[in-house]
Amino acid sequence: MGTLKTTNIQTITGSGTLTLGTSGETLALGSGVTSNLMYPAFSALGNGQQNLSDATETLVEFPNEQFDTGNCFDNTAGNYKFTPNVAGKYFLYFTLDAFSQTDDKLIKASGRLYKNGTRINTNIYNLNQGGSSGVTAHAVPITQSFMVEANGSSDYFQVKIFVDVSSGSPAIVGNTSTSQNLNFAGYRIGS
């Protein structure tokens with residue numbers, strides 16, 4: 001078995017499809033070699049409990065970065081946004097727990113993904129199916145995943161939350177040591 005050493009591999013014509021390997025084979029990268037797929041990537045966590053105003057859309061705070069391979073996540077107060085610096089398609093996800101702090105009267109919770117300040121996706125949990133006083137629920141986990149496209153320069157993404165309770169005050173909960181409660185993350189999946 002030989003070793004091919006070169007600077008560039010391309011088709012004879014300089015355009016078209018270049019195939020490496022055949023069906024059933026695996027193409028592996030050597031130790032220390034990086035790929036431009038799945039890069040940039042980030043994961044950010046919440047910081048304990050974030051108190052909310054009832055029935056008011058609020059930016060979710062993610063001040064604790066687990067990692068940020070392209071320095072694309074802004075974890076400063078008021079921002080909490082991912083602005084990828086490489087154009088392409090991205091897989092983004094978030095998870096959080098919305099709850100009523102003082103009683104079990106959670107009516108509605110909605111996690112929302114924004115691109116450039118415009119809502120592009122919403123996941124609504126309407127718990128008030130039978131009346132105006134809410135149902136017996138204290139908390140609801142909200143987990144969403146999305147595939148989005150970014151231009152690699154100015155497109156940015158944020159997570160917002162809307163929680164409605166029949167009495168008391170709503171909140172979301174997070175933990176700085178685990179991504180199970182309050183996490184916003186993503187990575188590039190291709191061009």
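One can find the structure itself at the top, above this paragraph.
Residues numbered from 1 in each chain as written. Predicted model: local features only at pLDDT ≥ 70, side-chain atom pairs only at ≥ 80, totals over all residues. Heavy atoms only, no water.

> Give me the lowdown on the overall build of the protein, citing residues and values where you can.
Helix and strand counts for the protein come out as 0 helices and 13 strands. For the protein, the succession of helices and strands along the chain, N to C, is β-β-β-β-β-β-β-β-β-β-β-β-β. By residue count, 36% of the 191 residues in the protein fall in the buried class. Accessible area for the protein stands at about 10700 Å²; split by element, carbon and sulfur atoms hold 47% of it. (Helix = DSSP H or I, 4+ residues; strand = E, 2+ residues; numbered from the N terminus. Buried < 20%, exposed > 50% of the residue type's maximum accessible area, 1.4 Å probe, protein only. Areas by Shrake-Rupley, 256 points an atom, 1.4 Å probe, with all protein chains shown as cover.)

> Tell me what's going on with the pattern of salt bridges, and back it up with residues and numbers.
Following the criterion strictly, the structure yields 3 salt bridges and no others. Measuring nitrogen to oxygen at the nearest pair gives 2.7 Å for the salt bridge that ties glutamate 57 to arginine 112. Within this pair, whereas glutamate 57 is found in the loop between β2 (49–51) and β3 (58–59), its partner arginine 112 is found in strand β8 (residues 106–115), the two being separated by 55 residues in sequence. (Salt bridge = Lys/Arg side-chain N within 4 Å of Asp/Glu carboxyl O.)

> Tell me about unusual backbone geometry, residues and numbers included.
Residues tyrosine 39 and proline 40 are joined by a peptide bond in cis, for which omega reads 5°. Its identity as a non-glycine residue notwithstanding, tyrosine 80 has a phi of 45°, on the positive side. Looking at where tyrosine 80 falls in the secondary structure, it is placed in the loop between β5 (73–74) and β6 (81–82). Even without a glycine there, the phi angle at asparagine 116 is positive, about 55°.

> Any details on the pairing of strand β12 (residues 170–173)? Residues and values, ideally.
Sheet topology note: the β2/β12 ladder contains 3 bridges and is antiparallel. By the bridge assignment, glutamine 49 is partnered in β12 with valine 173. Note: strand β7 (residues 88–100) against β12, 4 bridges, orientation antiparallel. Each residue of the ladder has a partner; that of aspartate 97, found in β12, is valine 173. (Pairing = 2+ DSSP bridges.)

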